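Report on the structure
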Amino acid sequence: MVDASNLVGQSVRRKEDVRLLTGHGQFVDDISLPGMLYAAVLRSPYPHARIRSVDVSGALRLDGVEAVITGDDAQQLGKPMAVTLDLFTKVPTIYPLAVNKVRYVGEPVAAVAATSREVAEDAVELIVVDYEPLPPIVSIEDAEQPTSLLYEEWGHNRQLDWQFQVGDVGSALAGADVVISEDFPHHRYTGVPLESRVCLADYRPGQGALTVWMSTQAPHQCRTLFAQSLGLPEHQITVIAPDVGGGFGTKLQINAELIPVLLSIKSGRPVKWTEDRYENLVSGVHTRDYVCHLEVGFRRDGTMTGVKASLVGNLGCDGTCDAAGTAALLVAAAYLPGPYHVPAFGVDVVGYVTNKAPYGAYRGYGKDIANYPMERLMEMAAEKLHIDPLELRRRNVIQPDEYPYQQISGPLYDSGDYPAMIAKAREVLDYENFRRQQDETRREGKYLGIGFAAMLEPSGAAVPNGIFNGYEPATVRMTPEGQFLVFTGNQDIGQGIETTLAQVAASQFGVSVDDVRVVFGDTNAVPYGLGSFSSRGATYAVSAVHRASVQLANKLKRIAANILEASAADLVFTQGAVEVAGVPSRRLTLQELGNKVYLWPGPYGTVPPGDDPDLQATETFMGPRVRWQPDEQGRINLYTTHPTGIYAAIVEVDPELGDVRLRRFVVIHDAGVIINPLIAEAQVVGGVVQGMGGALWEELRYDEEGQFLSGDLTSYLLPTAPEIPDVEVYHFVSPSPFTPLGTKGMGEGGTIPTPAAILNAVNDALRPLNVFLNDLPITPQKVRAALRQAGH
Amino acid sequence: MRLQGQEQIEAPIQTVFTSLTDPRVLSKTLPGLQSLEPTDANTYRARLSVGIAAVRGAFDGMLILRELEPPTAYALYMTARGAGGVVEVTLRVHLAEDANSVTRIEYTGEAALSGVWAALGSRMASGVAQTLIRQFFTALRQEVRSLASAATS
């Protein structure tokens, strides 16, 4: 007997892997159209310069060149780039190709469509641009002064300027026994998807119709942004995202994809653009790059009295149209109190535009910014207060019986149990024993360190004023042959929704995941949903699919009851059939049921009065506790679910070489009800590895002149298997009261606390040598420099 | 990127200085140079094609010799643009002749890379610069030798 909910919670093997692992995936670059041209892009070598002239005549003379576009064409054929998200920000008027000015190294200036990629690249070399270099704004200090302006019309370089306070922070800090205060800088790094951005644009002048195949996380929003950025009627635009080779937040805008679209409009032919790795690193979205000044007051017993923060972000040229990153600083501000009781809280946020690449989203989206300074500071406070760092956290965390918990800064936390997770961490790490070992090995000249970070992962954002506003529809349909289709606006980007959404639907119909096909990534096929961002799948898409499945299951039961002359309440779905519970002889297979409704004899006589033969249901899930109307303190709540965790890193530092080795990495994790443990664990581990990359290796470097120095994977170092220890994951289950299945989106948790845990561990290892590191990534050069400075 | 080094050429200082500042000699000795046309006194329009490791491509540029103090010193300024970016070189060059009529050349200066060159080439730029400078002086020595033998024959 198959339980209706049997598939939720099972480690079903991923349906999509057969296709992907046998080379049968279809990515945008695998698609070709007759008459298709290839695009190449001319990019600025200057971080900041006026464009005096662009001469494309040489390129146009080259055989095989069909179209060349510049900023002038972008203005004539399109409109200013549409805004993705505008929350208290200044929005610049910019185009996909530079108009009058370039604002970062790598900014597109002109583009060519030709009969081959080679011809297109040769033609790009023949375009002559006359630049007048301007003083570059590289650092936050440059932007503050300002030595020059990115957008002269603003009169300053601030894109975001926002303050918030609840309670009397000044008194809270003044009344504290100890105040810990520190600047926490964080370097620039980003997600590096295996598949870079790829776009095939096909504009048909005859129909005025545009079809865009693109590697994106959000096809529907891209369709709307294309309509707004081109002045085309949206119903004439189709966006298709087939298999997508990774997103991580970096594929949520159309700034680059507008270029092949404009080339297709200009040439009247299909145009494909395949971004190379240099282009992806120099102009794909960048993230992090901030300094957070944090002051936290503590009583002698370790409990917090108040938190005061000042967060300053280096946003590159833009984080509103070119990409959607600026609001990450606001998410950070709202979540700085983290999982702790904070009696008073104040934060100032400023985001400066600079001559660096666009500021976008990357696994974390500000939740990492909230986490890193606080979790670093907690270990500094533990040392100062002579309280064990896990114990200090235990004394401040929200207790399990306090949920749903109204955090002082606005968010409403749904569920969790930090004290139990802390206890589990102690046990798994054999913590007291580790501390003894640590002392012993230090005497042998081995420097082991342990570092912690508590994790809070707001998931499923619903942000006002833009394309990330947080709702999700799903349609579930039964075919006349008795199989199921799930139509979702959620997008498969490798995270396993073809399996997990199938598990959720299949559970309602007593069928296997192989009887359910998840349809996604085609704006002509699926409802207007919001794609994949903010770990929203298990919050929004799962809930919508579940509710639509329940609704369809009820309709199928009513029809089956009519045919079987039974009561719908007595029917159950089991093994591909619907039957009277306990009477297996009175059953219809789903194929028989579908056939009866649609074919033999058909709907009249099978469908009961009040129902119709349309065997599908659509439900739209909205976050039940999202609040955009500020309360009397000015607080709003954007996230529906909040996975929690305690992370621990054990490292060994070689003081002679400055080398940091990861010895153990332990994750105690709670994402509510887990649909597929195999996939959930992979999400955690993948995120952790990206956090490790940011902590130890990955950096998007600029020199002081604004030149970009990390243009390939020998300068931008990604983690590889030998550096990564087994990530030990332990799940807790605190079901969310705000989703129908108790699930919580959970794709970012791994990335959020990992950098803090690792740097805390490195500082713990080097404590006897009086070394304190405060910069990421923790390169051997930095470790050696700090040791030298301390006289070692 | 800092450029610094010294070279020796077995020729009198006047010959070496003349060769280093003579466009006819430079057009034969600058690595990858395709054309060098004077546009003004001591100012030349240059077309180069350079290909070493990731740094390859065609450049359009300007070569200016200035602060000429024959035969002991001059400054060289070069800017070259290609699709991949811009290279700017500023060099101070000092010459001195020893008792054996060997001229010692000391140069110090800066090279700035931008665009793709900076992003892909920075790590190997100093190696590329050294290779190009070595190629230049090897060619220059040959040129000075052939000038000397032409003068004596």
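The structure this text deals with has already been given above.
Please read all numbers here as calculations on a predicted model, not as lab measurements.

Comments concerning the overall build of chain A
When you go through chain A residue by residue, the secondary structure sums to 20 helices and 30 strands. Radius of gyration (C-alpha) of chain A: 28 Å, near the 28 Å computed for a compact globule of 792 residues. In terms of principal-axis extent, the alpha carbons of chain A reach across some 90 × 70 × 55 Å. Within the span of chain A, comprising 792 residues, buried residues form 64% of the whole. Look at the contacts in chain A between residues 6 or more apart in sequence, and 79% of them connect residues 24 or more apart. Element-wise, carbon and sulfur atoms account for 49% of the exposed surface of chain A, whose accessible area totals about 27300 Å².

With respect to the packing of helix 18 (residues 677–696) of chain A against helix 19 (residues 754–766) of chain A
Residues and elements named next belong to chain A. As a packed pair, helix 18 and helix 19 sit with axes 8 Å apart at the nearest point and diverge in direction by 50 degrees. Comparing their axes, helix 19 and helix 18 come out oblique. By crossing handedness, the relation of helix 18 to helix 19 is classed as right-handed. On helix 19, the residues that touch V688, G691, M692, A695 and L696 of helix 18 are T754, P755 and I758. In terms of residue class, the contact of helix 18 with helix 19 is made up of 6 nonpolar, 2 polar and no charged.

A word on the interface of chain B and chain A
Every contact between the two is made by 14 residues of chain B and, on the other side, 17 residues of chain A. At the boundary of chain B with chain A, total buried surface from both sides reaches about 1200 Å², with 55% on carbon and sulfur atoms. On the chain B side of the interface with chain A, the three residues burying the most area are R81, A83 and A119 of chain B, jointly 39% of the side's total. Across the chain B-chain A interface, the total number found is 0 salt bridges. Within the residue set of the side of chain B that touches chain A, elements represented by two or more residues are strand 6 (85–97) and helix 3 (116–152) of chain B. Per-class residue counts for the side of chain B that touches chain A are 8 nonpolar, 4 polar and 2 charged.

Side note on the sheet that holds strand 29 (residues 659–670) of chain A
Residue and element names in this part refer to chain A. With mixed pairing, 4 strands are arranged side by side in an open sheet as 18-28-29-30. On the outer flanks of this sheet lie strand 18 (447–456) and strand 30 (727–732), each paired with one strand and no other. Strand-to-strand twist in this sheet, taken as the mean axis angle between neighbours without regard to direction, amounts to 15 degrees. Sheet topology note: the strand 29/strand 30 ladder contains 6 bridges and is parallel. From the neighbouring strand, V666 faces strand 30, where its bridge partner is E728. Contacts between helix 19 and the sheet are confined to strand 18, strand 28 (644–654) and strand 29, with strand 18 contributing the most and set at about 150 degrees to the helix.

Notes on the side chain of N760 of chain A
Residue and element names in this part refer to chain A. Position of N760 relative to the elements: it lies in helix 19. Judged by relative accessible area, which is 4%, N760 ranks as buried. In contact with N760, not counting residues within four places along its chain, are E375, R376, E379, R393, I450, G451 and F452.

Thoughts on the pattern of salt bridges
Side-chain pairs of opposite charge can arise where the charged atoms are in close proximity. All names here are of chain A. Scanning all chains against the criterion turns up 52 salt bridges over all chains. Among the ionic pairs, E432 bridges to R426, the shortest N-O distance being 2.9 Å. Its relative accessible area of 46% is what places E432 among the partly exposed residues. Several salt bridges converge on common partners, so that one network encompasses R43, R117, E121 and E279.

Some details on the side chain of E107 of chain A
The topology assignment puts E107 of chain A in the loop between strand 4 (101–102) and strand 5 (108–114). Among buried charged residues, E107 of chain A stands out as having no salt bridge; its nearest opposite-charge side chain is R103 of chain A, 5.1 Å away.

Quick word on the layout of surface pockets
Approximately 750 Å³ is the volume attributed to the second largest pocket. For the second largest pocket, the lining is made up of 27 residues, of which V128 and V129 of chain A together with D60, R81 and G82 of chain B are closest to its centre. Of all elements in the fold, only strand 1 (37–43), helix 4 (117–125) and strand 6 (128–133) of chain A together with strand 3 (43–52), strand 4 (55–69), strand 5 (73–82) and strand 6 of chain B reach the threshold of two or more residues within the lining of the second largest pocket. Here the lining of the second largest pocket gets 5 residues from one element, more than from any other, and that element is strand 4 of chain B.

Quick look at the environment of Y340 of chain A
Its place among the elements puts Y340 of chain A in the loop between helix 10 (328–335) and strand 15 (345–352). On a C-alpha basis, the gap between Y340 of chain A and I668 of chain A in space is 17 Å, while along the polypeptide they are 328 residues apart.

Section: the state of the cysteines
Residue and element names in this part refer to chain A. Taken as a whole and judged by the stated rule, the model has 0 disulfides over all chains. In this model C317 remains outside any disulfide bridge; the closest cysteine sulfur is found in C321, 10 Å from its own. Look at C321 and you get buried, because its relative accessible area is 2%.

As for unusual backbone geometry
Omega for the peptide link from W600 of chain A to P601 of chain A comes to 10 degrees, which places this bond in the cis form. For the peptide bond that leads from L776 of chain A to P777 of chain A, omega is -10 degrees, which places it in the cis range. Position of P777 of chain A relative to the elements: it lies in the loop between helix 19 and helix 20 (780–789). Positioned with a positive phi, N100 of chain A is a non-glycine residue whose angle comes to about 70 degrees. Among the structural elements, N100 of chain A can be located in the loop between helix 3 (71–77) and strand 4. Of note in the backbone geometry, E67 of chain B takes a positive phi value of approximately 50 degrees without being a glycine. Within the secondary structure layout, E67 of chain B lies in strand 4. You can call E67 of chain B partly exposed: its relative accessible area is 47%.

As for empty space enclosed by the protein
With a probe scaled to a water molecule rolled over the atoms, the places where space remains empty come into view. All names here are of chain B. Applying the stated criterion across every chain yields a total of 6 cavities of 30 Å³ or more. Estimated volume of the largest cavity: approximately 720 Å³. Taken together, 32 residues line the largest cavity, and the ones lying closest to its centre are M78, V89, A129, L132 and I133. If you list the elements that add at least two residues to the lining of the largest cavity, you get strand 3, strand 4, strand 5, strand 6, strand 7 (103–113) and helix 3. In terms of residues, the lining of the largest cavity owes the most to one element, helix 3, which gives 9 residues.

Some points on helix 15 (residues 497–509) of chain A
Here helix 15 of chain A is 13 residues long and its end C-alpha atoms lie 18 Å apart, about the 18 Å a rise of 1.5 Å per residue gives. Burial runs high along helix 15 of chain A: 13 of the 13 residues are buried.

Some thoughts on the nonpolar core
All names here are of chain A. Core analysis: the largest hydrophobic core is formed by 188 residues, its most contacted members being F226, F298, I758, V762 and I778. Counting residues per element, this core draws most heavily on helix 11 (residues 367–385), at 10 residues. Taken domain by domain, the makeup of this core includes at least three residues from each of domain 2 (31–134 + 193–247 + 251–283) and domain 3 (287–462 + 629–789). If we skip the residues at most four places from it in the chain, I758 touches A649, L662, F665, M692, A695, L696 and I778. If you look at the next biggest cluster of nonpolar residues, it comprises 46 residues, including A474, M478, A553 and A617.

Some thoughts on the sheet that holds strand 20 (residues 471–478) of chain A
Residues and elements named next belong to chain A. Read from one edge to the other, the open sheet built from 4 strands follows the order 22-21-20-26, with strand pairing classed as mixed. Sheet topology places strand 22 (516–519) and strand 26 (616–622) at the edges, where each strand pairs with a single neighbour. Across the sheet, the axes of successive neighbouring strands diverge by a mean angle of 20 degrees, strand direction being ignored. Against the sheet, helix 16 (residues 537–564) engages strand 20, strand 21 (484–488) and strand 26, with an angle of about 145 degrees to strand 26.

Side note on the packing of aromatic side chains
All names here are of chain A. Applying the stated criterion to the full structure yields 20 aromatic pairs over all chains. Measuring from ring centre to ring centre gives 6.2 Å for Y335 and Y413, while their planes differ by 10 degrees; the resulting arrangement is stacked. Here Y413 lies in strand 17 (residues 412–413) and Y335 lies in helix 10, a separation of 78 residues in the sequence. Judged by its relative accessible area of 5%, Y335 falls in the buried class. Judged by relative accessible area, Y413 falls into the buried class, the value being 1%. Through successive ring pairs, a cluster of aromatic residues spans F88, W162, F164 and F345.

Conventions adopted
Residues numbered from 1 in each chain as written. Chains lettered and ligands numbered in written order. Predicted model: local features only at pLDDT ≥ 70, side-chain atom pairs only at ≥ 80, totals over all residues. Heavy atoms only, no water. Helix = DSSP H or I, 4+ residues; strand = E, 2+ residues; numbered from the N terminus. Rg over C-alpha atoms; globule rule 2.2 N^0.38 Å. Buried < 20%, exposed > 50% of the residue type's maximum accessible area, 1.4 Å probe, protein only. Contact = heavy atoms within 4.5 Å. Areas by Shrake-Rupley, 256 points an atom, 1.4 Å probe, with all protein chains shown as cover. Axes fitted to C-alpha atoms, helices over the stretch in contact; angles between N-to-C directions. Parallel < 35°, antiparallel > 145°, perpendicular 65-115°, else oblique. Left-handed = near helix turned anticlockwise from the far one by under 90°. Nonpolar A, V, L, I, M, F, W, Y, C, P; charged D, E, K, R; others polar. Buried area = accessible area lost by both parts, 1.4 Å probe. Salt bridge = Lys/Arg side-chain N within 4 Å of Asp/Glu carboxyl O. Pairing = 2+ DSSP bridges. Lys, Arg positive; Asp, Glu negative; His and termini not counted. 1 Å grid on protein atoms, 1.4 Å probe; cavity = no way out; pocket = protein on both sides within 12 Å on 5 of 7 lines; lining within 4 Å. Points joined across faces, edges and corners; volume = space filled by probe spheres on them. Disulfide = S-S within 2.5 Å. Expected span 1.5 Å × (residues − 1). Core = buried A, V, L, I, M, F, W, Y, C linked by side-chain atoms within 4.5 Å. Domains from an automatic or database assignment. Phe/Tyr/Trp six-rings, centres within 6.5 Å; stacked < 30°, edge-to-face > 60°.

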